[in-house]
Amino acid sequence: MTVHFIGAGPGAADLLTIRATRLLAASPVCLYAGTYLDAAVLEHCPDGARLVDTQDLDLDGITAELVAAHERGEDVARLCSGDPSVYSAIAEQTRRLDAAGVPWDITPGIAAYAATAARLGRELTVPEVAQSVVLTRAQRDSTAMPSGESLEAFAATGATLVLHLAIRRARELADRLAEHYGADCPVAVAYR
């Protein structure tokens, strides 16, 4: 049996890929982060599926759920917010699954920044204004940012800056970045 890491996109049930909905429908176990997900996404799971909200589980608890499902011979849909390639902690989880001999695969999702741009009807690159997009996050209580990866350093390039996991600090970050981008710089704050 397989653990399917599935990008849940920005959390909307109708923004999942076709592959994601097929895997959800075929997996008797689904682990998801309830803080980032619209409950309607779980409607793609089969009736009677074991639904595990991971928001209060640490990595050991999540791994235990995945390994136990494998030992029962059950496929698992492991929903990741956004796309698994960005801020999903997938490396930590897959290393543990490899050590336990549990097979896994990855299904990409729609990145939140792409869904936000679509919702706004805008592109993130504009000729002669910004031709680069920096995907980053604002460090607070999580893993420290590497030296040289400060928001101010990214802002100094003039690139479009996409901040993940920063909604609780929007005013502070706007104030920090205004001197680099200017007060008339367009800003969007998105949630789901």
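A brief structural summary. (Residues numbered from 1 in each chain as written. Predicted model: local features only at pLDDT ≥ 70, side-chain atom pairs only at ≥ 80, totals over all residues. Heavy atoms only, no water.)

A word on a nonpolar patch on the surface. There is a patch of nonpolar side chains on the surface, built from Ile167, Val187, Val189 and Tyr191 and spanning about 450 Å² of accessible area. Tracing the sequence through the fold places Val189 in the segment after α6 (170-181). The class for Val189 is exposed, based on a relative accessible area of 57%. (Patch = residues over 30% accessible without salt bridge, like charges linked within 9 Å, V, L, I, M, F, W, Y side chains within 5 Å. Areas by Shrake-Rupley, 256 points an atom, 1.4 Å probe, with all protein chains shown as cover. Salt bridge = Lys/Arg side-chain N within 4 Å of Asp/Glu carboxyl O. Helix = DSSP H or I, 4+ residues; strand = E, 2+ residues; numbered from the N terminus. Buried < 20%, exposed > 50% of the residue type's maximum accessible area, 1.4 Å probe, protein only.)

Take unusual backbone geometry next. Of note in this structure, Tyr87 is not a glycine but carries a positive phi near 55 degrees. As for its position among the elements, Tyr87 is in the loop between β4 (76-80) and α3 (90-100). The class of Tyr87 is partly exposed, set by a relative accessible area of 38%.

This paragraph deals with the environment of Phe5. In this fold, Phe5 is placed in strand β1 (residues 3-7). In sequence terms Phe5 and Gln55 are 50 residues apart; their C-alpha atoms lie 16 Å from each other.

Time to look at α3. Turning to α3, its buried residues are Ile90, Gln93, Thr94 and Leu97. Looking straight down α3, one finds that the buried residues subtend no more than 95 degrees of arc, so they occupy a single side. Away from the buried face of α3 by more than 90 degrees, exposed residues Arg95 and Ala99 are located. In this structure, the buried side of α3 is in contact with β1, α2 (59-71), β4 and β5 (104-107). (Arc of directions from axis to C-beta. Contact = heavy atoms within 4.5 Å.)

Overall, the coordinates contain one cavity of 30 Å³ or more when judged by the stated rule. Within this model, the largest cavity holds a volume of roughly 30 Å³. Residue lining of the largest cavity: Ala8, Ala33, Tyr36, Leu37, Leu79, Cys80 and Ser81, and that is the complete set. Partitioning the lining of the largest cavity into residue classes produces six nonpolar, one polar and no charged. (1 Å grid on protein atoms, 1.4 Å probe; cavity = no way out; pocket = protein on both sides within 12 Å on 5 of 7 lines; lining within 4 Å. Points joined across faces, edges and corners; volume = space filled by probe spheres on them. Nonpolar A, V, L, I, M, F, W, Y, C, P; charged D, E, K, R; others polar.)

Moving on to the environment of Ala166. Looking at the element boundaries, Ala166 is found in the loop between β7 (160-164) and α6. Ala166 gets classed as buried once you look at its relative accessible area, which sits at 13%. With 28 residues separating them along the chain, Ala166 and Ala138 place their C-alpha atoms 5.9 Å apart.

Let us look at the sheet that holds β4. With respect to topology, five strands assemble into an open sheet ordered β3-β2-β4-β1-β5, the strand pairing being parallel. Unpaired on one side and paired on the other, β3 (50-53) and β5 mark the two borders of the sheet. Looking at each pair of strands side by side, their axes are set apart by 20 degrees on average, direction ignored. Where β1 lies against β5, four bridges are found, and the strand directions are parallel. For Phe5, the partnering residue across the bridge sits in β5 and is Ile106. (Pairing = 2+ DSSP bridges. Axes fitted to C-alpha atoms, helices over the stretch in contact; angles between N-to-C directions.)

For β4, a buried count of five out of five residues is recorded, marking the element as mostly surrounded by other parts of the structure. Going residue by residue along β4, you find Val76, Arg78 and Cys80 tucked away on one face and Ala77 and Leu79 tucked away on the opposite face as well. Summarising the sheet, β1 and β4 pair through five bridges and their orientation is parallel. Within the sheet, the bridge partner assigned to Val3 lies in β4 and is Val76. Here three bridges tie strand β2 (residues 29-32) to β4, and the two strands are oriented parallel to one another. Bridged to Leu31 within β4 is Arg78.

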